[in-house]
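Now for the letters of each chain:
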Amino acid sequence: MRQFRFPEAITYTVKKLVTTKDELSGEIEDWQNAGTIQAEVWPLLGNQARGVMGVTEKSTHRAFSADPKAFTSNTRIVDSAGLTYLVGYVPPQGYGSHGEAVLEFVNS
């Protein structure tokens, strides 16, 4: 099995959506820290997006990590500058050599 290396990988904070009930029978949604990962995030540009499984009209970036289990759908990753991406499609692991995800830039 080939081990992928991502020399430009930086640390991202992983956030999961947690929903709690308030005293008025409503729900409060909050993105809470769930750990960190090392990853590279690349923008989807023009023809690069063609044929990529899971890309939708809202998709803006792809992420790659040496950890095959780095990404989980419907979580967010946030870099040190506060740039935030929603993890959308995560392809099946296949050989398990690296992690990959299609992202949507959400800026909050």
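Coordinates for the structure precede this section.
Residues numbered from 1 in each chain as written. Predicted model: local features only at pLDDT ≥ 70, side-chain atom pairs only at ≥ 80, totals over all residues. Heavy atoms only, no water.

K.L.:
Kindly report on the sheet that holds strand E3 (residues 61-65), identifying the contributing residues and their values.
P.N.:
A barrel is described by the order of its strands in space; here 6 strands give the closed sequence E1-E2-E3-E6-E5-E4, paired in antiparallel fashion. Going from strand to strand, the sheet's axes swing by 40° on average, the running direction of each strand aside. Both E3 and strand E6 (residues 99-105) contribute to a ladder of 5 bridges, which runs antiparallel. In the strand pairing of E6, Arg62 is matched with Val102. (Pairing = 2+ DSSP bridges. Helix = DSSP H or I, 4+ residues; strand = E, 2+ residues; numbered from the N terminus. Axes fitted to C-alpha atoms, helices over the stretch in contact; angles between N-to-C directions.)

K.L.:
Kindly report on the pattern of salt bridges, identifying the contributing residues and their values.
P.N.:
Here the structure, examined in full by the defined rule, presents 2 salt bridges. Between Glu27 and Lys21 there is a salt bridge, with the nearest N and O atoms lying 3.9 Å from each other. Accessibility expressed as a relative area gives 54% for Glu27, which makes it exposed. Take Lys21: its relative accessible area is 65%, and that puts it in the exposed class. (Salt bridge = Lys/Arg side-chain N within 4 Å of Asp/Glu carboxyl O. Buried < 20%, exposed > 50% of the residue type's maximum accessible area, 1.4 Å probe, protein only.)

K.L.:
Can you lay out the nonpolar core for me, pointing to particular residues and giving the numbers?
P.N.:
The nonpolar side chains of soluble globular proteins are, as a tendency, buried together. Residues Tyr12, Ile37, Val41, Phe71, Ile77, Val87 and Leu103 are the most contacted members of the largest nonpolar core, which totals 14 residues. Where this core is concerned, the elements lending two or more residues are strand E1 (10-21), strand E2 (27-43), strand E5 (84-87) and E6. Examining the composition of this core, we find that 3 residues originate from one element, E2, more than from any other. The contacts of Ile77, once residues within four sequence positions are left out, are Tyr12, Thr13, Val14, Ile37, Val41, Phe71, Leu83, Thr84, Tyr85, Val87 and Leu103. (Core = buried A, V, L, I, M, F, W, Y, C linked by side-chain atoms within 4.5 Å. Contact = heavy atoms within 4.5 Å.)

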